Amino acid sequence: MAIACPVDLDTQVLRSEVSKIYSRVATDPDGDFHFHRGPAYAANFLGYDPAELAALPNECTASFAGIANPHTIAPILRGETVLDIGCGAGTDLLLAARRVGPSGRAIGIDMTEVMLDRVRGSAAAVGLTNVEVRRADATALPLADASVDVVISNGVLNLVPEKEKAFAEIRRVLRPGGRLQLADIVLDAELGEDVRCNIDLWTG
Amino acid sequence: MSFLRYLGFDDVRVAARFDCFRGTKKESTARKYGVLGANVFARKPMAHG
């Protein structure tokens, strides 16, 4: 498995393109995209509980663009601290916040300010007071060592070119014994360098 | 999942796979490269260096 980024891939351009696409998902979730979005997709394709999704604001779930389901990997428990890397408009983050309850914490990071605003608004709308969001990059998590019980992420880390750095950060912030519940892309075979250098194929 | 083990995680397993690109504009590209969504579990070891 190639985890190193091709040396001639412009990672700043990639970050910019990713940020543009997902800002558009936040502001125009019904727009034209190469991936599915929304609560019906989450329930029908990925096994999310429709009732749990219906209890969240539409401005949160309409922009859901995950590709698997971190909540079905292992239970998220009351009192835990959960970090969602690339939380987007907050569907997974707010579901986690409900699971950990008032004695837990649900921390979301994203590099898209529009998405973070959506999370703040949605958390307030449903009365969740254990949610924090921070603008940050997956390769530099704004958290102390061993401060998190569970890291979740849904369809994000495949878009991070410096994967070794991102996973080193995940390992750093997890407490010993802590869990990574990752929802992301898997491939049948290793991609050639020409494919890995094509930013259009990274972003769709 | 060998890279997660290489990076120091234990108990690595793929828990489920999802055909998340079915019916999208990029379905044929996803099929070409065998792309699926997947649930992956891993754990930070209790004792680590």
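Rules of the game
Throughout, a residue's number is its position along its own chain's written sequence, starting from 1. All chains are assigned letters beginning at A, and all ligands numbers beginning at 1, according to the order in which they are written. With pLDDT at 70 or above as the cut-off, local features in this predicted model cover only qualifying residues; side-chain atom pairs require 80 or more to be listed or tallied, and sums for whole chains, interfaces and linings still use all residues. Runs of H or I in DSSP of at least four residues are treated as helices and runs of E of at least two as strands, each being numbered from the N terminus. Any residue whose C-beta has 12 or fewer other C-beta atoms within 10 Å is treated as exposed, any with 20 or more as buried, and any in between as partly exposed, C-beta atoms being built from the backbone. Once C-beta atoms are placed from the backbone, any two residues with those atoms within 7 Å are in contact. The nonpolar core is taken to be a set of buried Ala, Val, Leu, Ile, Met, Phe, Trp, Tyr and Cys residues joined by way of C-beta atoms within 7 Å. By definition, two strands form a pair when at least two bridges between them are found by DSSP. Assignment of crossover handedness uses the view with strands pointing away from the viewer, where a clockwise path from the first strand over the helix to the second indicates a right-handed crossover. Multiplying 1.5 Å by the residue count of a helix minus one yields the expected span of that helix. By construction, the arc corresponds to the directions joining the helix axis to the C-beta atoms. You can read pLDDT as the predictor saying how much it trusts each residue, on a scale of 0 to 100. Axis angles are defined between N-to-C directions and span 0 to 180 degrees, where every axis is a line fitted to C-alpha atoms and, for a helix, only to the segment in contact.

## Side note on the overall build of chain A
Along the backbone of chain A there are 9 helices and 5 strands. The linear arrangement of helices and strands in chain A, starting from the amino end, is α-α-α-α-β-α-β-α-β-β-α-β-α-α. Relative to its full complement of 204 residues, chain A shows a buried share of 42%. Of the contacts made within chain A by residues no fewer than 6 positions apart, 74% connect residues no fewer than 24 positions apart.

## With respect to the nonpolar core
Residues and elements named next belong to chain A. Ranked by size, the top nonpolar core spans 60 residues in total, and within it Ala96, Val119 and Val151 carry the most contacts. Top element by residues in this core is helix H5 (residues 91-100). It accounts for 6 residues. Look past the residues within four positions of Val119 in its chain and what remains in contact with it is Cys87, Ala89, Gly90, Leu93, Gly108, Val131 and Val133.

## A look at the pairing of strand S5 (residues 174-186) of chain A
Where strand S4 (residues 148-154) of chain A meets S5 of chain A, 6 bridges bridge the pair, whose relative direction is parallel. In the sheet register, Ser153 of chain A faces S5 of chain A, and the bridge partner there is Leu182 of chain A. Handedness of the crossover is the feature at issue here: the chain leaves S4 of chain A, passes through helix H7 (residues 163-173) of chain A, returns alongside S5 of chain A, and the resulting connection is right-handed. Relative to strand S2 (residues 36-43) of chain B, S5 of chain A runs antiparallel, the two sharing 8 bridges. When the bridges of S2 of chain B are listed, Arg179 of chain A appears paired with Arg43 of chain B.

## What about helix H6 (residues 113-125) of chain A?
Residues and elements named next belong to chain A. Taking 1.5 Å of rise per residue, the 13 residues of H6 would be expected to cover 18 Å, and the 18 Å separating its terminal C-alpha atoms lies within 8% of that figure. Regarding H6, the residues found buried are Met115, Leu116, Arg118, Val119, Ser122 and Ala123. Relative to the axis of H6, the buried residues are bounded by an arc of 155° and lie together on one face. Phi turns positive one or two residues past the end of H6, at Gly127, with a value near 75°.

## Considerations on H5 of chain A
All names here are of chain A. Most of H5 sits out of view: 8 of its 10 residues are buried. Turning to H5, its buried residues are Thr91, Asp92, Leu93, Leu94, Leu95, Ala96, Ala97 and Val100. Gly101 sits one or two residues past H5 and shows a positive phi near 75°.

## Observations regarding the confidence of the model for chain B
All names here are of chain B. With 96% of its residues at a pLDDT of 70 or more, chain B shows a mean pLDDT of 89. By mean pLDDT, the top-scoring element of chain B is S2 (96), and the lowest-scoring one is helix H2 (residues 27-33) (87). Among the scores for the predicted complex, ipTM is 0.91 and pTM is 0.88.

## Re unusual backbone geometry
Its identity is not glycine, yet Ala146 of chain A carries a phi of approximately 50°, on the positive side. Mapped onto the elements of the fold, Ala146 of chain A is located in the loop between strand S3 (131-135) and S4. The phi angle at Asp11 of chain B is positive, at roughly 60°, despite the residue not being glycine.

## Some points on the pairing of strand S2 (residues 105-110) of chain A
Residues and elements named next belong to chain A. The buried count for S2 comes to 5 of 6 residues, which makes it a mostly enclosed element. Where strand S1 (residues 81-85) meets S2, 5 bridges bridge the pair, whose relative direction is parallel. Bridging across to S2, Asp84 finds its partner in Gly108. In this fold, S1 hands off to H5, which returns the chain to S2; that crossover is right-handed. Note that S2 and S3 share 5 bridges and pair parallel. Its bridge partner lying in S3, Ile109 is registered against Arg134. Read as a crossover between parallel neighbours, the route from S2 over H6 to S3 is right-handed.

## Observations regarding the sheet that holds S3 of chain A
The strand order S3(A)-S2(A)-S1(A)-S4(A)-S5(A)-S2(B)-S1(B) describes an open sheet built from 7 strands, whose pairing is mixed. What marks the edges here is a single partner per strand, and that holds for S3 of chain A together with strand S1 (10-18) of chain B. Averaged over all pairs of adjacent strands, the angle between their axes in this sheet comes to 15°, without regard to strand direction. Relative to the sheet, H7 of chain A contacts S1, S4 and S5 of chain A, its axis offset from that of S5 of chain A by approximately 145°.

## Digging into the interface of chain B and chain A
Tallying the contact residues gives 31 residues for chain B and 35 residues for chain A. Within the residue set of the side of chain B that touches chain A, elements represented by two or more residues are helix H1 (2-6), S1 and S2 of chain B.

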